[in-house]
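Secondary and tertiary structure notes
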Amino acid sequence: MTDFSSDFTMTIDGKAATAAATLPVRNPATDSVFAQVPDAGQAELDLAVAAAARAFPGWAATPVEERRAALRAIAAIVTENIQPLSRLLTQEQGRPLADALGELGATSYWATATADMALPGAETDGPQGRVITRYVPLGVVGAIVPWNYPILLSMFKILPALLTGNTLVLKPSPYTPLTSLKLGELLRGVLPDGVLNVISGGDALGPLLTAHPDIAKISFTGSTATGKRVMAGAAATLKRVTLELGGNDAAIVLPDVDVDKIAEPLFWAAFRNSGQICVATKRIYIHEDIYDRLSAALADYARGVVVGDGLEQGTRLGPVQNRLQYDRVKDLIADAKANGLTFLTGGDVDESRAGYFIPVTIVDNPPDDARVVVEEAFGPVLPLLKYRDIDDAVARANATTVGLGGSVWSSDMNAAAAVAERLETGTVQINGPASPNPHHPFGGHKQSGLGAENGPDGLLAYTNPKVISIPKG
C-alpha cells in the first residue's frame, strides 16, 4: 500500500513529477496548513499534455475489452485503499469520514458500471453500398474538477474518457488536490504511461489548460461564472466542452405528504455535505396547509445534527470547505439578518471557533427576491417558502436562469410526476434529492451547463461520429 503520509507528487507520463513552486493545503476543520503540493505552471502542463498526446494513438488502438479491464482495475485500487484515501479526503475536504467512505465507494461502483457500457455503432447495406458509423475518440482531454466531491466528480470525466480511447490531464481543485494526487500515484503502472496525468496548481492553471492548443476537449464542473470563462477560452481552438455548472434546485412539497415521514430525508436533501452539492435542495416550496408543521419538524431535526470535525465521532456535518466560500455564506446570512428575515435555526456564526463552521441555518418564508432565495448558497443555508397554488409554486421554482435539478415530494406518484414534468431542470427526483447515477445522463438546462455526463450520453461526449461510405462495385 502507498505511504499516504509521504510527499505529494503529480503524475506525468506515469512518473512522479514536482514543480518549482508549491501550494499549501488547509484542513477546513482547523484552518491549518497540513500539506504542500506542486504548483504547476505552463512548463509542467506542457509536459503532461505532451505525454497524453504521445499515449493517445496506442490507447485509442487498445481493444475496448482491455480498456474495460483498466476501469475495473481503477475500481479495485480505490477499494483496496479506501480507508487511507477516505481519511485523507476528510482532512482536505471536511466532510465526515463516513461520507468520505461513501464517496470512494461510489467511485468504485461508477468505475465498474462504466466499464460495462458500450458505444453505439451501425453498419447498413443499401442500393448504393455499405455505410459504417462509428464513434471515435477526440484525443487529449483536459478535466477540471471542483472541491466538493473531488474524486467522484473526477471519475465522471476519467472513466468515459478512458473507455472511449482518449487520454487525459486531470486538474483537481487547489483546495482539494491531495486525494487526486494519491490516486494518480496509485494508478502508475496500472494504466499505460501518459494515459492519465494528474497535475495540481492554483487559479492560473485552469485558464492555461483551457487554452492549450493540443487539448481537444475540456470537461469542467464548477460555477456558472467560471464555466462561461472556460467556454470562452475553449473557443479559440473550437475545443469540445462539457460544462456541469451551478444550480439553485427547488423542492416542491405537495400538501398530501406525511410530514413526520419526509422531514428527515428532506433535511438531508438540502444539507448533505453541508449543502455543498450541485444538486442539493437550495429552496423548498411548502404548501400553506402543512407549512407550519413541516417547517417546525425540519427545525427540530436540525437542532439534533452535530456540526464538527469530520474525523470526530458523532459528527454529521463538517465545515464549509474553504475560506472564500465560508465568507460568502456568512455574507448571505448577514444580508438576511440585515433585512429582518426570521431564522428558524442558525443565523449566528461563531467566528471565534477554529475552522470554517456554519450552523445549520433555516430561513422562514423570505420574499422571493431575497438574496438567500435568488443566490445558490452552496452551504448550510436553506430558505423555506410558502405557496397556495401549485401553478404559482412551479412558476416560482422556474423563475431562475439556472436549471440543474429539483425534486417533488408527495404521496401521490402521478401528481408528483405531473409537477416534475413542468420543472425546467435536467434532473427531477420524486421524494428524494436529485441524484446522479452512472447509467443515466446528468446535465443542466439553461445556464446550468452544456452537454451531459454519465450514461450513453456521457460516453458520446468524448467522441466524434465518423461515417464511412463504401459504394457497391
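Residues numbered from 1 in each chain as written. Predicted model: local features only at pLDDT ≥ 70, side-chain atom pairs only at ≥ 80, totals over all residues. Heavy atoms only, no water.

Description of the pairing of strand β8 (residues 167-171)
Sheet faces and side chains relate simply in a regular strand, where the side chains alternate between the two faces. Filter applied, for reference: We call a residue buried when its accessible area falls under 20% of the maximum for its residue type, exposed when it is over 50%, and partly exposed in between, using a 1.4 Å probe and counting protein chains only. Starting at the N terminus, helices and strands are each numbered in turn, a helix being any DSSP run of H or I of at least four residues and a strand any DSSP run of E of at least two. Here, strands pair whenever DSSP counts at least two bridges between them. For the handedness criterion, the strands are oriented away from the viewer, and a crossover whose path from the first strand over the helix to the second runs clockwise is classed as right-handed.
Buried residues dominate β8, accounting for five of its five residues. Burial along β8 is two-sided: the residues Thr167, Val169 and Lys171 and Leu168 and Leu170 are all buried. Direction of pairing for strand β7 (residues 140-144) relative to β8: parallel, over a ladder of five bridges. From the neighbouring strand, alanine 143 faces β8, where its bridge partner is leucine 170. Two elements, β8 and strand β9 (residues 196-198), share three bridges in a ladder whose sense is parallel. By the bridge assignment for β9, leucine 168 is matched with leucine 196. Since β8 and β9 lie parallel, the crossover through helix α6 (residues 178-186) that links them has a hand, and here it is right-handed.

Overview of the packing of aromatic side chains
Stated formally: Note on aromatic pairs: the rings of Phe, Tyr and Trp (six-membered ring only in Trp) are paired at centre separations within 6.5 Å, and the planes decide the class, stacked below 30 degrees, edge-to-face beyond 60, tilted for the rest. A positively charged side chain is recorded as over a ring if its NZ (Lys) or CZ (Arg) lies within 6 Å of the ring centre. The angle to the ring normal must also be within 35 degrees.
With the rule as written, the count across this model stands at eight aromatic pairs. Three or more aromatic residues joined by ring pairs form one cluster here, namely Phe267, Trp268, Phe271 and Tyr301. Its guanidinium or amino end placed over the ring of tyrosine 149, arginine 95 lies 4.2 Å from that ring's centre, counting from NZ or CZ. Its guanidinium or amino end placed over the ring of phenylalanine 357, arginine 353 lies 3.9 Å from that ring's centre, counting from NZ or CZ.

With respect to the pattern of salt bridges
Selection rule: Criterion for a salt bridge: a side-chain nitrogen of Lys or Arg within 4 Å of a carboxyl oxygen of Asp or Glu.
In the structure shown here, the tally under the stated rule is 25 salt bridges. A salt bridge links arginine 323 to aspartate 31; the nearest nitrogen and oxygen atoms lie 3.5 Å apart. Of this pair, arginine 323 sits in helix α11 (residues 323-338) while aspartate 31 sits in the loop between β3 (22-27) and β4 (32-38), and the two are 292 residues apart along the sequence. Judged by relative accessible area, which is 38%, arginine 323 ranks as partly exposed. Judged by relative accessible area, which is 25%, aspartate 31 ranks as partly exposed. With a shortest N-O distance of 2.8 Å, glutamate 375 and arginine 371 are connected by a salt bridge. When salt bridges that share partners are traced, they join Arg26, Asp31, Arg323, Asp327, Lys330 and Glu351 into one network.

Some words on the nonpolar core
Threshold: Among the buried residues, those of types Ala, Val, Leu, Ile, Met, Phe, Trp, Tyr and Cys that are joined through side-chain atoms within 4.5 Å form a nonpolar core. Residues are treated as being in contact if the distance between any of their heavy atoms lies within 4.5 Å.
Within the largest apolar cluster, 82 residues are counted, with the highest numbers of intra-cluster contacts made by Met10, Leu162, Leu168, Val169 and Ile199. The leading source of residues in this core is helix α5 (residues 150-163), at 10 residues. Apart from residues no more than four positions distant in its own chain, isoleucine 199 is found in contact with Met10, Ile12, Ala40, Leu45, Ala48, Val169, Leu170, Lys171, Pro172 and Leu205. Formed by 30 residues, the second largest nonpolar core is a distinct cluster that contains Phe271, Ile286, Tyr291 and Leu384.

A short note on the sheet that holds strand β22 (residues 463-471)
The strands making up a sheet are joined through hydrogen bonds of the backbone, oriented either antiparallel or parallel. For the record, the criterion: With axes taken as lines fitted to C-alpha atoms, and helix axes fitted only over the stretch in contact, angles between N-to-C directions fall between 0 and 180 degrees.
Pairing in this open sheet of three strands is antiparallel, and the strands run β5-β6-β22 from one edge to the other. One side of each edge strand has no neighbouring strand; the edge strands of this open sheet are β5 (122-126) and β22. Neighbour to neighbour, the strand axes of the sheet diverge by 20 degrees on average, direction disregarded. Here nine bridges tie strand β6 (residues 129-137) to β22, and the two strands are oriented antiparallel to one another.

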